[in-house]
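Architecture at a glance
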Amino acid sequence: MSSTNQPLANEPAPASGLARRLRYTLLTALLVLGVLVSVTLVNVLGERFARRFDVTATGEHRLSPRSSKLTASLTGAYEVIIAADTAALDRRARQDAIDVMDRFGKSSTSAGGSFTHRIIDVASAQGRADYATLLGELAKGDAALMAEERKRVEAAARNTVALSVDLNQNFGPALGNFLGTISGTDPQATTILGRLQASLAGLPASLRTTGTAVSGIPALLDRTVQGVAVPSLVASVAQLTPPLQELARTLLSIEADLRQLADAHPPAAQTARQVADGVKSRREQFDIVTDSLSRVTYPDTLLVAEALARSATVLVRGPRHASSRPSVIALPFEQIFPTREELEASGLASADLRRRAEDLIASALSVLVNPNPPIVVMLTAEPAIAARQVRAFEVASLRLRRSGADVISWDLLISPDQPSLAKLDPTGTRPVVYAVRMPDTTQGKDSVSQKTGLERRRLVADAVLALSQRGSPLLLSIGPSIVPVDKEPDPIDAVLAPFGLSARSDRVVMGEQTPANAPRQVLTDMYVSVPASEHPVAGAIRGLPTLLPWPTSLRIKDASAATTTTLLEFPGVPNVWAESQWQVSKAAQGDPRIRQPEPPKFDEATDAHDGPWRMAMAGERARTNAPAQRLIAVASNEWLSDTLVRMTQNVEGREIATCPGNLQFFESSVYWLAGQESLIGASASSRQIAIVGPIAESRLTALRFVLIAGLPLCVLVLGLFYRAARG
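Residues numbered from 1 in each chain as written. Predicted model: local features only at pLDDT ≥ 70, side-chain atom pairs only at ≥ 80, totals over all residues. Heavy atoms only, no water.

**Structural notes on the overall build of the chain**
In terms of regular secondary structure, the chain is built from 22 helices and 22 strands. Taking all 727 residues of the chain together, 45% fall into the buried category. Counting only contacts in the chain whose residues sit at least 6 apart along the sequence, the fraction spanning at least 24 positions is 76%. Accessible area of the chain: about 37,300 Å², with a carbon and sulfur share of 56%. (Helix = DSSP H or I, 4+ residues; strand = E, 2+ residues; numbered from the N terminus. Buried < 20%, exposed > 50% of the residue type's maximum accessible area, 1.4 Å probe, protein only. Contact = heavy atoms within 4.5 Å. Areas by Shrake-Rupley, 256 points an atom, 1.4 Å probe, with all protein chains shown as cover.)

**Side note on helix α6 (residues 187-215)**
An α-helix turns once every 3.6 residues. As a result, residues three or four positions apart point the same way. A rise of 1.5 Å per residue sets the reference length of α6, with its 29 residues, at 42 Å; its end C-alpha atoms lie 43 Å apart and thus fit the reference within 8%. Maximal helix bending in α6 amounts to about 30 degrees, located at Leu203; proline Pro204 follows within four positions. Taken together, the buried positions of α6 are Ala189, Ile192, Leu193, Leu196, Ser199, Leu200, Leu203, Ser206, Leu207, Thr210, Ala213 and Val214. (Expected span 1.5 Å × (residues − 1). Bend = angle between axes of the 7 residues up to and from the residue.)

**Points about unusual backbone geometry**
A cis geometry characterises the amide bond from Gly611 onward to Pro612, with omega recorded as 5 degrees. For Asn625, which is not glycine, the phi dihedral falls at a positive 55 degrees. In this structure, Asn625 sits in the loop between β19 (613-623) and β20 (626-634).

**What to know about the packing of aromatic side chains**
Per the stated rule, a full pass over the model turns up five aromatic pairs. A ring pair is formed by Trp577 and Phe602, whose centres lie 6.4 Å apart and whose planes are at 70 degrees; its orientation type is edge-to-face. Placement of the pair is Trp577 in strand β18 (residues 576-579) and Phe602 in the loop between α19 (583-590) and β19, with a sequence separation of 25 residues. Taken together, the aromatic side chains of Trp639, Phe665 and Phe666 make up a single cluster linked through ring pairs. Lying across the ring of Trp550, Lys586 places its NZ or CZ 5.8 Å from the centre. When the ring centre of Phe499 is taken as reference, the NZ or CZ atom of Arg621 above it lies at 5.5 Å. (Phe/Tyr/Trp six-rings, centres within 6.5 Å; stacked < 30°, edge-to-face > 60°. Lys NZ or Arg CZ within 6 Å of the ring centre and 35° of its normal.)

**A few points about the sheet that holds strand β5 (residues 313-317)**
The four strands lie next to each other as β2-β1-β5-β6, forming an open sheet whose pairing is mixed. Since the sheet does not close on itself, it has two edges, and those belong to β2 (114-121) and β6 (328-331), each with one partner. Between one strand axis and the next, the sheet turns by 20 degrees as a mean value, whatever way the strands run. Of the strand pairs in this sheet, strand β1 (residues 77-84) and β2 are connected by eight bridges, and their pairing is parallel. (Pairing = 2+ DSSP bridges. Axes fitted to C-alpha atoms, helices over the stretch in contact; angles between N-to-C directions.)

**A look at the packing of helix α15 (residues 394-402) against helix α21 (residues 660-673)**
Contact pair α15 / α21: the axes reach a minimum separation of 10 Å and the direction vectors enclose 50 degrees. Looking at the two axes, α15 sits oblique to α21. Crossing handedness for the pair α15 and α21: right-handed. Where α15 abuts α21, its residues Val395, Ala396, Arg399 and Leu400 lie against Leu663, Gln664, Phe666, Glu667 and Val670. Broken down by class, the residue content of the contact of α15 with α21 amounts to six nonpolar, one polar and two charged. (Parallel < 35°, antiparallel > 145°, perpendicular 65-115°, else oblique. Left-handed = near helix turned anticlockwise from the far one by under 90°. Nonpolar A, V, L, I, M, F, W, Y, C, P; charged D, E, K, R; others polar.)

**Some thoughts on the pattern of salt bridges**
Inspection of every chain in the model, using the stated rule, returns 32 salt bridges. The shortest N-O distance in the salt bridge between Arg354 and Asp96 comes to 3.3 Å. Highlighted residues: Arg354 in helix α13 (residues 350-369) and Asp96 in helix α3 (residues 91-109), separated in sequence by 258 residues. Across the pair, exposure class does not vary: Arg354 and Asp96 are buried alike. With a closest N to O distance of 3.1 Å, Arg152 and Glu149 form a salt bridge. With Arg152 and Glu149 both in helix α5 (residues 143-180), this residue pair falls three residues apart, about one helical turn. The exposure class of Arg152 is partly exposed, given its relative accessible area of 26%. On the basis of relative accessible area, Glu149 is assigned to the buried category, the value being 2%. (Salt bridge = Lys/Arg side-chain N within 4 Å of Asp/Glu carboxyl O.)

**Structural notes on the sheet that holds strand β13 (residues 521-523)**
With antiparallel pairing, the three strands of this open sheet are ordered in space as β13-β12-β18. Each edge of the sheet is formed by a strand with only one pairing partner; in this case those strands are β13 and β18. For this sheet, the mean inter-axis angle between neighbouring strands, taken without regard to orientation, is 35 degrees. As paired strands, strand β12 (residues 508-513) and β13 are joined by three bridges and run antiparallel to one another. Bridge assignment links Gly511 to a residue of β13, and that residue is Leu523.

Written out as structure tokens, the structure is:
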């Protein structure tokens, strides 16, 4: 009997090595093909049904609330046009910008409007053809406006020629003859006569400069760009305006000298005054021509042509409107597409680039969708502003202007009368908001108005009261006052009273801390919180650091007078109190000559532990046969200073704003006061640090249970299933 194992008769012969390799190769190919098909399907479905979940508190990976509101209000087709040499663009900057535009596009499709973007490569033949097509489309729609504005510039050029000929052939010789008749004058008249002769001698040169400027106007108006007729209105106005202004200044000087000569030399007084009147008439005609040039409206076609002349631009284009508001906005190209060298030097992260691009696009959209942007009048009585030493609120003003608002200054030390708004709002349909800064009462008499800080505070309060009685919307910044309110109410209380509010401006809310191995410190700049509220302004700044220097507080005197809402407050905590003896510390802060006093301490006899303190309130009151009046009062007058809002801090190697809530609060307050709540929302720039949002205690407990006990239980359950499956 043989011990060799023999195969059964019905058992197949073992496969050869070649057959096995073929079978494994086929199975591997099928597996790879299946994986490729699955990955392709996943990408197709992901592209079609894209869904991103953002768990950061700052919304790092989604549009800001402000941008989301704007896209929700789009009712037509909006487009971003990037015209540049694409090969020169930094790859990271380009990708970040496109990511932001994609977010706008996806958000707009769900709102009923549309938002797209396209890139025109101006370095390629196709890109130049696309640019010419775009320019032609715009020129067709702007044909009537361009023709009208061209006629305006041509008329200004003709009038300039006529006035120049009159000065050269009539006025100049006549003035020279008159001056030649004057003799035997005293030293004062001789000095005046010398100035007049010098002005007359310089007149021909000014006229030649004006003639040269006028002679270049036809070529500028006949300009073509890519075969499209686009008159260079900007260059024409820029070329004509300076010589016209120079001639007007010369005539004004001659007029003033003639009137002085009439007083200094009585024998020629009557003739001198007659000649001065003639000079005034001619000067006013030059002013009329200059004013007509200042009223030139620049069509969208011209904006595109001028932007492309700078070799690269980013345009936001919207639907055309019957009104005069623009349909194309040019964005600063270098801020959206910085060069690689600029990125390396500044250390900007991709998140910062995306936020900046989003803010610029959102600002352009707000200009395009808002038919009546607000006018903000900054009402002050500051000696430094009146003396032209500083320009206050530049950062806040710039932010509003980017969104289409106009900001003008009204300082009562310069003029008690409000600046005219006729040029900004000829139809009277735009809302006007008054942003008021109450003066610092610790200041003594100034050299400009010879008024103390308290006197200037009363001056501002009287002007604001007149505005309030007209129903004007008001944003009040109320600093501390040296006058105890129990003896004399703050002057601004006359404005607050109809809203049921009053200012507790004689006490500054302060805090104290004692760091380890360091002396006791008193804090006069307080980070405030936003209480639970449905108010749109509160919603826009919730979670944003907001800093109020030297804050006081507001009180509700009559809750039935108006509807009021607390927007900012500071909670009542043991180390914070309302200080009554703050004046010396405040004065020492702004004057190095004053010796720094001992930091204030809580005194139970004069101070108060009565928090929480209301530091910003919104009020709305009904009026008989008139729209409701709105007001926002902030218990600090330094919260919007340029120094404060420019402050930054270094976080994870990035420079971020110390108090982004301040500018956001200002912008949101303006739109609420203007009745344009749809434009209120936190901007992208206010969300500068991406952090995971706070987790509720109940959810945190559940997560701890899952991590500690859930995972071991899952392993145990899987083990039981495995044992059951194996029998």
